Amino acid sequence: DWNNNYNDGLSYEGWEGHFELVKLNLQNPAVVDYLLDCVKLWIEDFGIDGLRLDVAYCLDHNFMKRLRSFCESIKPGFALIGEVLFGDYNLIVNDEMLHSCTNYECYKGLYSSFNCMNLFEIAHSLNRQFGDGGIYKNIYTYNFVDNHDVTRIASILQNPAHLPLIYALLFGMPGIPCIYYGSEWGAEGKKQDGDDALRPSFEQPIENDLTARITAMAKAHRESRALCYGGFKQLVLTNKQCIWERETDGERVLVAVNIDEQPYHAHFDARCGRAVDLITGEMHDFGGGSELPPYSAYFWKCER
């Protein structure tokens, strides 16, 4: 007896009123079985290694538990990543449900810290999430500086010199760093100009110095257990400079960033005399402190 916006004589719920996105009853066993059959097809026929679940905070928790166990039984190590805009990540990222989720708290803190020249903002979030007593110490969050839903970072940062430095924080912080296609070339795009501005097609790569820097940082992250799995400890923090420690399994890396146009001389206990910069391969001597040139970033792997 009901109707909908398409005037086709039936009624159903749509996600947040969008009737082109039908809200499925995830408590109906037949619906769940159908969805799991779809996932199985994608795994077996197309060899996918994971799923990104849109607006995961809207999904039924029992469904996510069923999905996790089902995927694990077919393909061990299959990754489930959820889009989460707010709330407690622990509610859906745990041993029974999702492996990871989008870290929007740190997304905002990253670009705002640069534009306001106030690294205390991102440091607060990192300590809250990953420091001593951090609420997400056992979670590998899905970290990013931009994605398909937000303005590209090159169009947000007020100082172009900060662009490679924000990626240094991204690769240096706990969690899983994610690069949005085209942003490794410094592509611009504002959300208010519509989705086409955020999701263009590129005829060919536009590689530049930024691409090379991000490539080097990605390689350093991939090959360092400390950067992948280490804890988080703040060592130096000012409005414009920060140094933190990532340590695990006998490997220790210091992430150092200076977002100022002036050099900075950092005095702190490095607990080692020498280190190699994982980004450039150059050696660094901690005797007498550490000089951070303007707009610089380092991943120092300490020698034992």
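Scope of this entry: the structure provided in the associated data block.

Cut-offs and rules
- Residues numbered from 1 in each chain as written.
- Predicted model: local features only at pLDDT ≥ 70, side-chain atom pairs only at ≥ 80, totals over all residues.
- Heavy atoms only, no water.
- Pairing = 2+ DSSP bridges.
- Helix = DSSP H or I, 4+ residues; strand = E, 2+ residues; numbered from the N terminus.
- Axes fitted to C-alpha atoms, helices over the stretch in contact; angles between N-to-C directions.
- Patch = residues over 30% accessible without salt bridge, like charges linked within 9 Å, V, L, I, M, F, W, Y side chains within 5 Å.
- Areas by Shrake-Rupley, 256 points an atom, 1.4 Å probe, with all protein chains shown as cover.
- Salt bridge = Lys/Arg side-chain N within 4 Å of Asp/Glu carboxyl O.
- Disulfide = S-S within 2.5 Å.
- Core = buried A, V, L, I, M, F, W, Y, C linked by side-chain atoms within 4.5 Å.
- Buried < 20%, exposed > 50% of the residue type's maximum accessible area, 1.4 Å probe, protein only.
- Contact = heavy atoms within 4.5 Å.

So, the sheet that holds strand S8 (residues 233-237)
Here is step 1 of the chain: Strand order in the open sheet made by the 6 strands is S8-S9-S10-S15-S12-S13, with antiparallel pairing throughout. Each edge of the open sheet is held by one strand with a lone partner, namely S8 and strand S13 (283-285). Taking the axes of each pair of neighbouring strands and ignoring which way they run, one obtains an average angle of 30° across the sheet.

Observations concerning a nonpolar patch on the surface
Here is step 1 of the chain: Judged by side-chain polarity, Leu-41, Trp-42 and Phe-46 come together as a nonpolar surface patch covering roughly 340 Å² of accessible area.
Here is step 2 of the chain: Locating Trp-42 in the fold gives a position in helix H1 (residues 29-46).

Re the state of the cysteines
Here is step 1 of the chain: Per the counting criterion, the structure on display carries 0 disulfides.
Here is step 2 of the chain: Among the cysteines around Cys-38, which has no disulfide bond, Cys-71 carries the closest sulfur, lying 12 Å off.

Some thoughts on the nonpolar core
Here is step 1 of the chain: If you look at the biggest cluster of nonpolar residues, it comprises 66 residues, and the most contacted ones within it are Tyr-167, Leu-169 and Phe-299.
Here is step 2 of the chain: Ranked by residues supplied to this core, first place goes to helix H6 (residues 163-172) with 8 residues.
Here is step 3 of the chain: If sequence neighbours within four positions are ignored, Leu-169 has contacts with Leu-110, Phe-114, Leu-119, Ile-122, Cys-242, Trp-244 and Val-257.
Here is step 4 of the chain: If you look at the next biggest cluster of nonpolar residues, it comprises 13 residues, including Leu-254, Ala-270, Ala-275 and Leu-292.

Things to note about the sheet that holds strand S3 (residues 50-53)
Sheet strands line up and pair through hydrogen bonds in the backbone, either parallel or antiparallel.
Here is step 1 of the chain: Across the sheet, which stays open at both edges, the 3 strands sit in the order S3-S4-S5 with parallel pairing between neighbours. Each edge of the open sheet carries a strand with a single partner, namely S3 and strand S5 (100-101).
Here is step 2 of the chain: Sheet topology places S3 next to strand S4 (residues 79-82); 4 bridges connect them, and they run parallel. Bridge pairing in S4 places Leu-51 opposite Leu-80.

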